[in-house]
Amino acid sequence: MVPGAAHPALLALLALLGALLPGPGGAQTSVHPQKAITSRGASITVNCSTSCDQHTMLGLETQLAKREVDHGNNWKIFELSDVQKDSFPICYSSCLGNQSSALMNLTVYWFPERVELAPLPFWQPVGENLTLRCMVSSGAPRDHLTVVLLREEEELGRQPAGDGEPAEVTVTVLASRDDHGASFSCRTELDLRSQGLGLFQNSSAPRKLRTFVLPTTDPHLATYPVLEVGTQCLVSCTLYGLFPVSEAEVHLALGGRRLQTTITYDEYSLSAKASVEGKVEEEGVQYLTCAVNLGGQTRSSWENVTIYSFPAPNLTLSRPEVSEWTTVNVECEAQVGAVVMLNGAPARPPGPRAQLQLNASAEDNGRSFFCSAALEVAQQVVHKNQTRELRVLYGPRLNERDCLGNWTWQEGSQQTLRCQAWGNPTPKLNCSRKEDGALLPIGDLRPVKREVAGTYQCRATSTRGEVTREVVINVIYHQNHTAIIILVASLIILVTVGTVVYIYNCQRKIQKYELQKTRKAQEEAAMKLTTPATPP
């Protein structure tokens, strides 16, 4: 029943009473107040009166609990108590056989007993519609009751409560990233200001919304396709376009073993890294999986990882230390399925074994033998290497190339005697002069003195014997540099003086010859002048 509307039986009663009302000139019945509003369970007084001055019957017809609290000749006051719902009390009177009545409109208001926002989704995808539902139980009068849906203090929608019980009011909004962590609520407003009362509000408890974005793409999983038992590698899982990225969970696992991950968050992306160790019990093909969970949804990727065992090849020398010209066998062997290569070994069909035989010489001392084994694992070729060194005992040796037999040095120059003895074990070398046993330092840079000249015996010794070599050192020097300079100067002076004298003598002879030639010409001219002429 709509609050404020009359019950059908009451309407029929009103119609009957209306038929009994007197015409013009008859006594009238009044009620005060004609319209009233009160809270549920409260009491209210009603004054019934009549215009008849004669003895009259005056009363109040109502289903509510009532009692007469006062009266006069033509009026009575009644108290209505515990008013629970809207009612239409009727004051009536009978005066001299004429009956009349007056209707009172009594409205009861009360606040909603329940204002509740329906639970929100645990996670709400961004970009999808979100329907907010507010449930309102009880509350009257309904035509004055409005429901408002809110995000924080922002009003999203406003609707009348309606007649349903409980009343349900909905509003649909588009979820966004800004809605993440926002509080949503609903509020009822009972507006009785037109009745002389106020605006009464009642709010639900707020509910927080969590929105999320999970991309449709799968995570990028980076790993090595093969992993050796006992070794470690770093794997990573990356996914872009997440919101809120800090709420995302990452699960990295190898087979059934969950890996301990370190997660780095960016604004809208995350990267999870983990160290994976190959275990012997996991040997074979394993699945490496990465799953990113957000908003109750999952994006995942997986890759195959083959865990394998591949020990280094076994490289052996028949004897690691031998005397010169001893036969040595070198052998390299790897596991079945591998292919080995031994440096220096003759060419053979590929296989897990290779060998080499040699007659060790001094040049083989310190020689390193290298063996490489290759194995194909999950279409990847992996390698393992091994090296061994051979030691050859020989010597000692002193040759012309490393220890020259003749040295010529200028006195005062800086020189180093270089003499290298070879052998294994390394021989001890010293050089002493034959005449007096004086030692000549080897390998030291020092000024040359004439006293070091002579013939030296260089001797190299080790546990494998002894060898000697003669080294002659010549020192060039001058006895008296001053005398040489004077001699040279004197020669230059003599040559200069001789040259000047020679040139002077040559010039005098030329002048004398020219003078004699001139005199002779003059004499011949004079003789021609003094000779008499011959007569004709």
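Quick note: structure is the one above.
Residues numbered from 1 in each chain as written. Predicted model: local features only at pLDDT ≥ 70, side-chain atom pairs only at ≥ 80, totals over all residues. Heavy atoms only, no water.

*Asks:* Which residues make up the state of the cysteines, and what are the values?
*Replies:* Counted by the stated rule, this structure contains 7 disulfides. In this model cysteine 237 forms its disulfide with cysteine 290; the gap between the sulfur atoms is 1.8 Å. The sign of the S-S torsion, about -80 degrees, decides the handedness of the disulfide formed by cysteine 237 and cysteine 290: left-handed. Here cysteine 237, found in strand β22 (residues 232–240), pairs with cysteine 290, found in strand β27 (residues 284–294); they are 53 residues apart in sequence, far enough to count as distant. Given the relative accessible area of 1%, cysteine 290 is considered buried. Across a sulfur-sulfur distance of 2.0 Å, cysteine 403 and cysteine 419 are joined as a disulfide pair. Taking the torsion about the sulfur-sulfur bond, which here is approximately -90 degrees, the covalent link between cysteine 403 and cysteine 419 counts as left-handed. A residue pair is termed long-range when its members are at least 10 positions apart, and cysteine 403 in the loop between β35 (380–397) and β36 (406–410) and cysteine 419 in the loop between β37 (414–416) and β38 (422–424) qualify at 16 residues. In this pair, the class of cysteine 403 matches that of cysteine 419, namely buried. (Disulfide = S-S within 2.5 Å. Helix = DSSP H or I, 4+ residues; strand = E, 2+ residues; numbered from the N terminus. Buried < 20%, exposed > 50% of the residue type's maximum accessible area, 1.4 Å probe, protein only.)

*Asks:* So what about the sheet that holds β36? Which residues, and what values?
*Replies:* Pairing between the strands of a sheet comes from backbone hydrogen bonds, and it takes one of two forms, parallel or antiparallel. Read across the sheet, 4 strands follow the order β36-β42-β41-β39 without closing on themselves; strand pairing throughout is mixed. Both edges of this open sheet fall to β36 and β39 (428–433), since each of them pairs with a single strand only. Averaged over all adjacent pairs, the angle separating strand axes in this sheet is 25 degrees, with direction ignored. Here β39 pairs with strand β41 (residues 454–462) via 6 bridges, running antiparallel. Across the sheet, leucine 429 pairs through a bridge with alanine 460, a residue of β41. (Pairing = 2+ DSSP bridges. Axes fitted to C-alpha atoms, helices over the stretch in contact; angles between N-to-C directions.)

*Asks:* Summarise a nonpolar patch on the surface; cite the residues concerned and give the values.
*Replies:* A grouping of Ile493, Val497 and Val501 is seen on the molecular surface, where their side chains present a nonpolar patch of about 260 Å² in accessible area. Overall, valine 497 belongs to the partly exposed group, its relative accessible area being 46%. (Patch = residues over 30% accessible without salt bridge, like charges linked within 9 Å, V, L, I, M, F, W, Y side chains within 5 Å. Areas by Shrake-Rupley, 256 points an atom, 1.4 Å probe, with all protein chains shown as cover. Salt bridge = Lys/Arg side-chain N within 4 Å of Asp/Glu carboxyl O.)

*Asks:* Quick rundown of the pattern of salt bridges? Include the residues and the values.
*Replies:* Across all of its chains, the model carries 27 salt bridges by this definition. A salt bridge links arginine 397 to glutamate 324, with the nearest nitrogen and oxygen atoms 2.7 Å apart. A residue pair is termed long-range when its members are at least 10 positions apart, and arginine 397 in strand β35 and glutamate 324 in the loop between β30 (321–323) and β31 (327–333) qualify at 73 residues. Residue classification places glutamate 324 among the buried residues on the basis of a relative accessible area of 17%.

*Asks:* Go over the packing of aromatic side chains with me, naming the residues and quoting the values.
*Replies:* Within this structure, the stated rule accounts for 7 aromatic pairs. The ring centre of phenylalanine 78 lies 5.8 Å from the NZ or CZ of lysine 66, which sits over that ring. For arginine 210, the ring lying beneath its charged end belongs to phenylalanine 122, and the centroid distance is 4.3 Å. (Phe/Tyr/Trp six-rings, centres within 6.5 Å; stacked < 30°, edge-to-face > 60°. Lys NZ or Arg CZ within 6 Å of the ring centre and 35° of its normal.)

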